[in-house]
Amino acid sequence: MRNVTYSMGVSLDGYIVGPDGTFDWSAPDDELFSFVTDQIREVGVHLLGRRLYESMVYWETADQDPTLDDAMLEWAALWKALPKVVFSTTLSEVVGNTRLASGSLAQEIEQLRAAPEPGNIAIGGATLAAEAAAAGLIDEYRPKVYPVLVGGGVSYVPHRERRVDLELLETRTFGSGVVYLRQRVVGGP
């Protein structure tokens, strides 16, 4: 069965976006970018909310950007080929190897878990991840914790009154001070 993973950059105080709506503090250096590129190879399908989709749509045509280096072109090729499902009530069309969700998040995940395709089911976007977390659909949390306090904004994990026990599977510290934590939900796959 395919795992559902949630991986994003997060400030030490728990936010993926600061109070001013920016996340410029989470730009990866070369070492971290290489790690993230390797991680995307493990993904079989990526689920996105509308806002993250709109942020990432650039990568659907990034291969045409003459300013990109080889590492970014590699990322763009991987992202472009990756099947994506967007959850939105306002979008009527999407581009690339992307489709709009036809069912609820739980229904989509159930179908994707049962599919014979390889690779994890990655969730991106705080709102979508919050819905998945509240329903107990996330198997692994994979934050990349940045050495910054932003003081508020959009929380990586919504504050719901629900305890979730985790088991640490892996850590990695990067030269930039970013710490990657891979945590499995206890009782999950």
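Chemist: Whenever I open this one, the pattern of salt bridges confuses me. Can you help?
Modeler: Here the idea is simple: oppositely charged side chains can pair when their charged atoms come close. Scanning all chains against the criterion turns up 14 salt bridges. Close ionic contact of R41 with D38 constitutes a salt bridge, the shortest N to O distance being 3.5 Å. On the basis of relative accessible area, R41 is assigned to the partly exposed category, the value being 44%. Overall, D38 belongs to the partly exposed group, its relative accessible area being 42%. Between R182 and E170 there is a salt bridge, with the nearest N and O atoms lying 3.6 Å from each other. Of this pair, R182 sits in strand β12 (residues 179-185) while E170 sits in strand β11 (residues 166-173), and the two are 12 residues apart along the sequence. Each of E42, E140, R142, E170 and R182 takes part in salt bridges that share partners, so that together they form one network.

Chemist: What is the right way to look at helix α5 (residues 126-134) in this model?
Modeler: The periodicity of an α-helix, 3.6 residues per turn, causes residues three or four positions apart to be oriented the same way. When we look at burial in α5, the residues that qualify are A126, L128, A129, A130, A132 and A133. Of the residues flanking the end of α5, it is G136, one or two places downstream, whose phi is positive at about 70°.

Chemist: I'm lost on the packing of aromatic side chains in this one. Help?
Modeler: By convention here, two paired aromatic rings are described through the distance between centres and the angle between planes. Here the structure, examined in full by the defined rule, presents 9 aromatic pairs. On the numbers, 6.3 Å between centres and 75° between planes, the contact of Y6 with Y141 is edge-to-face. Within this pair, whereas Y6 is found in strand β1 (residues 4-6), its partner Y141 is found in strand β8 (residues 140-141), the two being separated by 135 residues in sequence. In this pair, the class of Y6 matches that of Y141, namely buried. These aromatic residues form a ring-pair network of at least three members: F33, Y58, W59, W75 and W79. Over the face of the ring belonging to W79 we find K84, whose NZ or CZ atom lies 5.1 Å from the ring centre.

Chemist: Honestly, the nonpolar core in this entry has me stumped. Any pointers?
Modeler: Side chains of nonpolar character tend, in soluble globular proteins, to be buried together. Judged by nonpolar contacts, the single largest core of 26 residues is most densely connected at Y6, I16, L47, L105, I123 and I138. At the level of secondary structure, the elements contributing two or more residues to this core comprise β1, β3 (15-17), β4 (43-49), β5 (84-87), α4 (105-114), β7 (120-124) and α5. F33, I40, M56 and A122 belong to the second largest nonpolar core, which has 16 residues in total.

Chemist: What exactly am I supposed to notice about the packing of helix α1 (residues 30-40) against helix α3 (residues 70-81) here?
Modeler: A pair of packed helices can be characterised by two numbers: the angle between their axes and the separation between those axes. With their axes 10 Å apart at the nearest point, α1 and α3 run at an angle of 20° to one another. On the basis of the axis angle, α1 is roughly parallel to α3. Handedness of the crossing formed by α1 with α3: left-handed. Residues F33, V36, T37 and I40 of α1 touch α3, and the partners they reach there are A71, M72, E74, W75, L78 and W79. By residue class, the composition of the contact of α1 with α3 is 8 nonpolar, 1 polar and 1 charged.

Analysis parameters
- Residues numbered from 1 in each chain as written.
- Predicted model: local features only at pLDDT ≥ 70, side-chain atom pairs only at ≥ 80, totals over all residues.
- Heavy atoms only, no water.
- Salt bridge = Lys/Arg side-chain N within 4 Å of Asp/Glu carboxyl O.
- Buried < 20%, exposed > 50% of the residue type's maximum accessible area, 1.4 Å probe, protein only.
- Helix = DSSP H or I, 4+ residues; strand = E, 2+ residues; numbered from the N terminus.
- Phe/Tyr/Trp six-rings, centres within 6.5 Å; stacked < 30°, edge-to-face > 60°.
- Lys NZ or Arg CZ within 6 Å of the ring centre and 35° of its normal.
- Core = buried A, V, L, I, M, F, W, Y, C linked by side-chain atoms within 4.5 Å.
- Axes fitted to C-alpha atoms, helices over the stretch in contact; angles between N-to-C directions.
- Parallel < 35°, antiparallel > 145°, perpendicular 65-115°, else oblique.
- Left-handed = near helix turned anticlockwise from the far one by under 90°.
- Contact = heavy atoms within 4.5 Å.
- Nonpolar A, V, L, I, M, F, W, Y, C, P; charged D, E, K, R; others polar.

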